[in-house]
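Descriptive analysis of the structure
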Amino acid sequence: MTAPRILVIIPAHNEADSLADVIADIRSALECGIVVVDDGSTDHTARIAIEQGVELLSLPFNLGIGSTMQTGFQFAFREEYDIAVQTDGDGQHDASYIPKLIEPILLGESDFVVGSRYLSDTNYSGPRGRRAGTAMFSRILSLMVGQRLTDATSGFRAANKALIAQFAHDYPRDYPEVETLLVAHMAHFRVREIPVAMRQRGGGRSSINKFRSVYYVVKVLLALLVVASRRRSPRAE
Amino acid sequence: MSKVQIFSLVVSIISALVIFQLIRKKKLKEQYSLLWFLTVVVMLVLALWEGLLYRISSLLGIAVPSNALFMLALLFMFFMSLHFSMLVSRLTDQTKMLAQRLALLDRDIRKEHESKAVAENDKGS
């Protein structure tokens, strides 16, 4: 059997300051393909990606994190990668956790692995509002999928080949994290969390500011309702 | 013919002309213009047929006929907006898909150029 091919997707919107470090981090952590999806950056994010010799997908204008990630999944699907890892372009995610993240998929124990900041004694202390929001979504999601989830908004994840195909085809446009977990569950993918530590944000700014947080909460709740209202497809064996 | 009827008639005719002109200049797709023409026709009928609005309002149990008119107009506008929201959603989706396809093709072309450049270099050396 040939070794599974792994692609790390870095969605980047104006991450020129941190991108080189993020790429170096990933390269030191594991052997893998790396693709930067430049979401209409106005700085030299694309140039840095080319200089670093990684794959670059350049969106002509800003599409938002969801559609940016989807572009990465489309690339992974087309190039027939076995596992796609999504990470942030701002250095928040510690690449040394990637091998742990993909391990359950390599062992065939899980289809979708999420790195959780809250699963163990990790010392992450994000903004309070964000933490409360994550806790709320995690609790709601846990009830919906019947499985304990602690970090529904984590963007540090790994998906197997079948899930790559699904995400390449359909992915929420914005604030996709919570929704995709439910979508995966509804389609009978096995979801698992593993504990990770996250660093405080490097360069760049969180896409979630105060004015948008209301939209965020409402949008995600509505999306969950919509996804849940669809009938769960019978398990295909 | 009462003053208000003449006024409504003039407004309707001007609206119809504006729509026709927009289609002629290809600024409006025929597909959408039909709906607007229908609107103008309804305006015309209401302007010319005096009793119609009274009948509609008494049918709906609305005391003042003008209120019936406003309500119908508002409802119509509501559904038009909804229709346009749907159109915008679809266009947004299509734009997104185009942008994603472009990003992938752009990458492929870049790769091709690179491999060509490498091949040229090999030949040169």
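Described below are features of the structure shown in this document.

Conventions we followed
Residues numbered from 1 in each chain as written. Chains lettered and ligands numbered in written order. Predicted model: local features only at pLDDT ≥ 70, side-chain atom pairs only at ≥ 80, totals over all residues. Helix = DSSP H or I, 4+ residues; strand = E, 2+ residues; numbered from the N terminus. Rg over C-alpha atoms; globule rule 2.2 N^0.38 Å. Buried ≥ 20, exposed ≤ 12 C-beta atoms within 10 Å, placed from the backbone. Contact = placed C-beta atoms within 7 Å. Core = buried A, V, L, I, M, F, W, Y, C linked by C-beta atoms within 7 Å. Pairing = 2+ DSSP bridges. Axes fitted to C-alpha atoms, helices over the stretch in contact; angles between N-to-C directions. Nonpolar A, V, L, I, M, F, W, Y, C, P; charged D, E, K, R; others polar. Arc of directions from axis to C-beta. Parallel < 35°, antiparallel > 145°, perpendicular 65-115°, else oblique. Left-handed = near helix turned anticlockwise from the far one by under 90°.

Quick word on the overall build of chain A
Across its full length, chain A carries eight helices and seven strands. What you see for chain A is a C-alpha radius of gyration of 17 Å, in line with the 18 Å of a compact globule of 237 residues. Along the first, second and third principal axes, the C-alpha set of chain A runs to 50 × 45 × 35 Å. The burial tally for chain A puts 46% of its 237 residues in the buried class. Taking contacts inside chain A between residues at least 6 apart in sequence as the whole, the part at least 24 apart equals 76%.

Digging into the nonpolar core
Residues and elements named next belong to chain A. With 60 residues, the main nonpolar core has Val8, Ile9, Ala84 and Val85 as its most contacted residues. Examining the composition of this core, we find that six residues originate from one element, strand 1 (residues 6-12), more than from any other. Those residues within four positions of alanine 84 in sequence are excluded, and the remaining contacts are Leu7, Ile9, Gly72, Phe73, Ala76, Ala159 and Ile164.

Let's talk about the sheet that holds strand 4 (residues 83-86) of chain A
All names here are of chain A. Taken in spatial order, the seven strands make up an open sheet running 3-2-1-4-6-5-7, and their pairing is mixed. Of all strands in the sheet, those bounded by a partner on one side alone are strand 3 (55-59) and strand 7 (191-195). Mean inter-strand twist for the sheet, computed between neighbouring axes without regard to direction, equals 20 degrees. By the bridge criterion, four bridges tie strand 4 to strand 6 (residues 157-160) in an arrangement that is antiparallel. Bridging from a neighbouring strand, glutamine 86 pairs with arginine 157 of strand 6.

Quick word on the interface of chain A and chain B
If you look at the interface, chain A gives 13 residues, while chain B gives eight residues. Broken down by class, the residue content of the side of chain A that touches chain B amounts to seven nonpolar, five polar and one charged.

A closer look at the pairing of strand 5 (residues 112-116) of chain A
Within a regular strand, the side chains alternate between the two sheet faces. All names here are of chain A. The buried fraction of strand 5 is high, at five of five residues. Side chains Phe112, Val114 and Ser116 project from strand 5 onto one buried face, and the interleaved Val113 and Gly115 project onto a second face that is buried too. By the bridge criterion, three bridges tie strand 5 to strand 6 in an arrangement that is antiparallel. Considered in strand 6, the bridge of valine 113 is made with alanine 158. Both strand 5 and strand 7 contribute to a ladder of five bridges, which runs parallel. Directly across from phenylalanine 112, in strand 7, lies its bridge partner valine 191.

Details of helix 4 (residues 98-106) of chain A
Residues and elements named next belong to chain A. Within helix 4, burial applies to Ile98, Leu101, Ile102 and Ile105. Buried residues in helix 4, looked at end-on, bunch into an arc of 80 degrees, giving them a common side. Summarising the contacts, the buried residues of helix 4 are in contact with strand 1, helix 1 (16-29), strand 4, strand 5, strand 6 and strand 7.

Let's talk about the packing of helix 3 (residues 65-78) of chain A against helix 6 (residues 161-169) of chain A
Residues and elements named next belong to chain A. Running from N to C, helix 3 and helix 6 cross one another at 130 degrees; their axes reach a closest spacing of 8 Å. For the element pair helix 3 / helix 6, the angle class is oblique. Between helix 3 and helix 6 the crossing geometry is left-handed. For the pair helix 3 and helix 6, the contacting residues are Gln70, Phe73, Gln74, Ala76 and Phe77 in the first and Ile164, Ala165, Phe167 and Ala168 in the second. Taken together, the residues of the contact of helix 3 with helix 6 break down into seven nonpolar, two polar and no charged.

Considering the packing of helix 5 (residues 128-145) of chain A against helix 8 (residues 210-229) of chain A
Residue and element names in this part refer to chain A. Where helix 5 meets helix 8, the closest approach of the two axes is 12 Å, and the angle between their N-to-C directions is 5 degrees. The angle between the axes of helix 5 and helix 8 places the two elements in the roughly parallel class. Contacts from Gly129, Gly133, Phe137, Ile140 and Met144 in helix 5 reach Ser213, Val217, Val220, Leu224 and Ala228 in helix 8. Here the residues of the contact of helix 5 with helix 8 are counted per class, giving seven nonpolar, three polar and no charged.

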